[in-house]
Amino acid sequence: MRRLTPDPAETTVEEQLASYRPCDHAHRDRPFVAVNFAATVDGRATIGGVSGPIGSSVDTEMLTGLRSRFDAVMIGAGTMRAERYAGLEKRLVVVEGGPGGRADLPALLRSLREQGVRALLCEGGPTLHGALQAAGLVDELFLTIAAKLSGADAPRILEGTGPPQVAELELAWLLEHEGELFARYRRFLS
């Protein structure tokens, strides 16, 4: 694996994540929130309705390494049904739609913070990611871009309704392994 930016050099997933401590950046009223997705080059977040076929074993290593640094993992109910999460060694928060089809994400995050959750890793799906983004609740995005084209009608990493919500991002690092790119973006705060 090569780190392309900053400071180009050979690296490993373990070395890259060694100093990553999201719990140190918890907000007073909510956990630090990072989202993690794999996508095809044409921007699709699933192949055949699931994300598994997109990433490689290195993507899985990155996901496992990230999970170990967070207090809890959050997914939407649709992701739970499609991906069949099992055997997770972290607290799993499954978000169901509330009244009007939407969950009260700020209230949920406040409650999680009150329960001691300092850092939360959201693994999707695209609708949950879109809702978190629209509410301004995403602090970082980890994005694996697999060297694959799906050509299918599948969701992107961020889906939702309503007016476009544009968030400025800052590239923290970019890694490459056998054509697969691993990016870490921070939400740019002015």
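Given the structure is predicted, the values throughout are model-derived calculations rather than measurements.

## Some remarks on helix H2 (residues 57-67)
Among all positions of H2, only Val58, Asp59, Met62, Leu63, Gly65, Leu66 and Arg67 are buried. Capping the start of H2, serine 56 holds a side-chain oxygen 3.2 Å from the backbone nitrogen of valine 58, two or three residues further along.

## Some points on the sheet that holds strand E9 (residues 180-187)
Taking strand neighbours across the sheet as the criterion, the nine strands line up as E2-E1-E8-E9-E7-E3-E6-E4-E5 in an open arrangement whose pairing is mixed. Two strands lie at the open edges of the sheet, namely strand E2 (9-10) and strand E5 (91-95), each paired on one side alone. Bridge analysis of strand E7 (residues 140-146) against E9 gives six bridges, and the strand direction is antiparallel. In the sheet register, phenylalanine 142 faces E9, and the bridge partner there is arginine 184. Packing of helix H4 (residues 105-114) onto the sheet brings it into contact with strand E3 (32-40), strand E4 (72-76), E5 and strand E6 (119-122), and relative to E5 it is tilted by some 160°. Packed onto the sheet, helix H5 (residues 126-134) meets E3, E4, E5, E6, E7 and E9 and runs at close to 135° relative to E3.

## Some points on the nonpolar core
Counting residues in each nonpolar core, the largest one holds 22 residues, and the members touching the most others are Met74, Leu109, Leu120, Leu128, Leu132 and Ile157. Elements represented by at least two residues in this core include exactly E3, E4, E5, H4, E6, H5 and E7. Considering every element that reaches this core, the biggest residue donor is E3, with four residues. If we skip the residues at most four places from it in the chain, leucine 120 touches Pro31, Phe32, Val33, Ala34, Phe70, Ala72, Val73, Met74, Leu109 and Leu112. The next biggest cluster of nonpolar side chains, apart from the first, holds 18 residues, and it includes Leu17, Phe32, Leu121 and Trp173.

## Remarks on the pairing of E6
Strand residues, when the strand is regular, have side chains that alternate between the two faces of the sheet. What you see with E6 is no split at all: Ala119 and Leu121 on one side and Leu120 and Cys122 on the other are buried throughout. Sheet topology places E3 next to E6; four bridges connect them, and they run parallel. Each bridged residue has a counterpart across the sheet, and for alanine 34 the counterpart in E6 is leucine 121. In this structure, E4 lies alongside E6, joined through three bridges in parallel fashion. Looking at the pairing, alanine 72 lines up with leucine 120 of E6.

## Details of the pattern of salt bridges
The final tally for this structure, using the stated rule, is seven salt bridges. Between aspartate 71 and arginine 118 there is a salt bridge, with its nearest N and O atoms 3.0 Å apart. Placement of aspartate 71 in the loop between H2 and E4 and of arginine 118 in the loop between H4 and E6 is noted, with a sequence separation of 47 residues between them. Judged by its relative accessible area of 23%, aspartate 71 is partly exposed. Judged by its relative accessible area of 36%, arginine 118 is partly exposed. Among the charged side chains, a salt-bridge network with shared partners connects Glu140, Glu170, Arg184 and Arg186.

About the thresholds
Residue numbering note: each chain is counted from 1, following its sequence as written. pLDDT decides what is reported in this predicted model: residues at 70 or higher carry local features, side-chain atom pairs at 80 or more are listed and counted, and totals for whole chains, interfaces and linings draw on all residues regardless. Just so you know, side-chain values use all the structure's heavy atoms and leave hydrogens and water out. Burial classes: relative accessible area under 20% of the type maximum marks a residue as buried, over 50% as exposed, and values in between as partly exposed (1.4 Å probe, protein chains only). For helices the rule is a DSSP run of H or I covering at least 4 residues; for strands it is a run of E covering at least 2, with both sets numbered from the N terminus onward. Identification of polar contacts relies on pairs of N or O atoms within 3.5 Å, with a donor-acceptor requirement for protein atoms, meaning one able to donate a hydrogen and the other able to accept it, and with residues adjacent in sequence counted only if both atoms are side-chain atoms. Pairing between strands requires that DSSP locate at least two bridges from one strand to the other. In what follows, a contact means two residues having at least one pair of non-hydrogen atoms within 4.5 Å. Helix axes are fitted to C-alpha atoms over the stretch in contact, other axes to C-alpha atoms as well, and angles between N-to-C directions run from 0 to 180 degrees. To qualify as a nonpolar core, a set must consist of buried Ala, Val, Leu, Ile, Met, Phe, Trp, Tyr and Cys residues joined through side-chain atoms within 4.5 Å. By salt bridge we mean one thing: a side-chain nitrogen of Lys or Arg within 4 Å of a carboxyl oxygen of Asp or Glu.

So far we have only geometry, and geometry alone does not tell us how the molecule works.
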